[in-house]
Amino acid sequence: MRQQILFFFIFFATLVAHGQHGTDYVILRPGDKLSKPDTIFGDIVFPQNGVLINATIQTTNGRKKYSPNKVIGFKYGNRYFASVPYTTGHVFAERLINGKIELCYYTTEIQNTAYPGGLSGNVMAYIGISLTSYYYIKSNKTQEYISVPHSKKKLVKNIAFIFEDNEKVLKQIQSKEFEIDQLPELIRKYNISNN
């Protein structure tokens, strides 16, 4: 009798554990324009150093890796990473703002694990080095994420059209005082006022 109870307890615990398995997901790009994207549920295996080269997901069928070129995005816990265009391919950028306008951020900032130690390693890890960083913006007016240029003139030229339906926000982005680091707050204002 004890063996049967133990067997049912283990069986039930396994069912509960597998029921919770799969809160993360990867959305694959469709093979052609007529097909719909596939979504794979499982547990994202997030790299300890934070460097995202692939979306790695553990499912009941094993572990699979997908490059940013094959993926629309993936969810890891409460975080979402979109595949955004970068030079000749795509990279993963974390979504900072979700709404009518989405904002993602990509950086090549070197993590603490990149420096094994010593004085120079501690100093470099403390100050942090980012060789590249970009905001990416997407709305219902764009098909894909748009890289936000660092140049103020190019920024206005490339993304101002997204804010045309909100004159106050559009004027802010076109003003001489506007700086790129104000973009997240500007998008939050836009999303709140355009709900």
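Because the structure is a prediction, the values reported are computed rather than measured. (Residues numbered from 1 in each chain as written. Predicted model: local features only at pLDDT ≥ 70, side-chain atom pairs only at ≥ 80, totals over all residues. Heavy atoms only, no water.)

Engineer: Report on the sheet that holds strand β7 (residues 89-97), specifying residues and quantitative values.
Structural biologist: An order of β4-β3-β2-β1-β5-β6-β7-β8-β9-β10 is seen for the 10 strands of this open sheet, with the pairing classed as antiparallel. Here the strands that pair on one side only, and so sit at the sheet edges, are β4 (62-66) and β10 (146-148). The mean inter-strand angle of the sheet, taken between neighbouring strand axes irrespective of direction, is 40 degrees. Where strand β6 (residues 79-86) and β7 come together, 6 bridges link them in antiparallel fashion. Across the sheet, Val84 pairs through a bridge with Val91, a residue of β7. (Pairing = 2+ DSSP bridges. Helix = DSSP H or I, 4+ residues; strand = E, 2+ residues; numbered from the N terminus. Axes fitted to C-alpha atoms, helices over the stretch in contact; angles between N-to-C directions.)

Engineer: Talk me through the environment of Ser139; I want residue IDs and the actual numbers.
Structural biologist: In this structure, Ser139 sits in the loop between β9 (133-138) and β10. Judged by its relative accessible area of 8%, Ser139 falls in the buried class. Along the primary structure Ser139 and Lys100 are separated by 39 residues, whereas in three dimensions their C-alpha atoms are 6.0 Å apart. Not counting residues within four places of it along the chain, the set of residues in contact with Ser139 comprises Lys100, Ile101 and Ile162. Within the structure, Ser139 has its side chain in polar contact with the backbone nitrogen of Lys141 (distance 3.0 Å). (Buried < 20%, exposed > 50% of the residue type's maximum accessible area, 1.4 Å probe, protein only. Contact = heavy atoms within 4.5 Å. Polar contact = N/O pair within 3.5 Å; in protein donor to acceptor, adjacent residues only side chain to side chain.)

Engineer: Requested: an account of the layout of surface pockets, with residues and values cited.
Structural biologist: Reported here for the largest pocket is a volume of approximately 420 Å³. Lining the largest pocket are 20 residues, with Gly50, Val51, Leu52, Phe92 and Thr107 positioned closest to its centre. Of all the secondary-structure elements, those providing two or more residues to the lining of the largest pocket are β6, β7 and β8 (102-107). In terms of residue count, the dominant contributor to the lining of the largest pocket is β7 (6 residues). For the lining of the largest pocket, the residue count by class is 12 nonpolar, 5 polar and 3 charged. Roughly 210 Å³ of internal volume is contained in the second largest pocket. Considering the residues around the second largest pocket, the lining is formed by Arg29, Ile72, Tyr80, Ala82, Ser83, Arg95, Glu102, Lys138, Gln143, Glu144 and Tyr145. Among the elements that make up the lining of the second largest pocket, the one with the highest residue count is β6 (3 residues). Partitioning the lining of the second largest pocket into residue classes produces 4 nonpolar, 2 polar and 5 charged. (1 Å grid on protein atoms, 1.4 Å probe; cavity = no way out; pocket = protein on both sides within 12 Å on 5 of 7 lines; lining within 4 Å. Points joined across faces, edges and corners; volume = space filled by probe spheres on them. Nonpolar A, V, L, I, M, F, W, Y, C, P; charged D, E, K, R; others polar.)

Read these as geometric descriptors, not functional statements.
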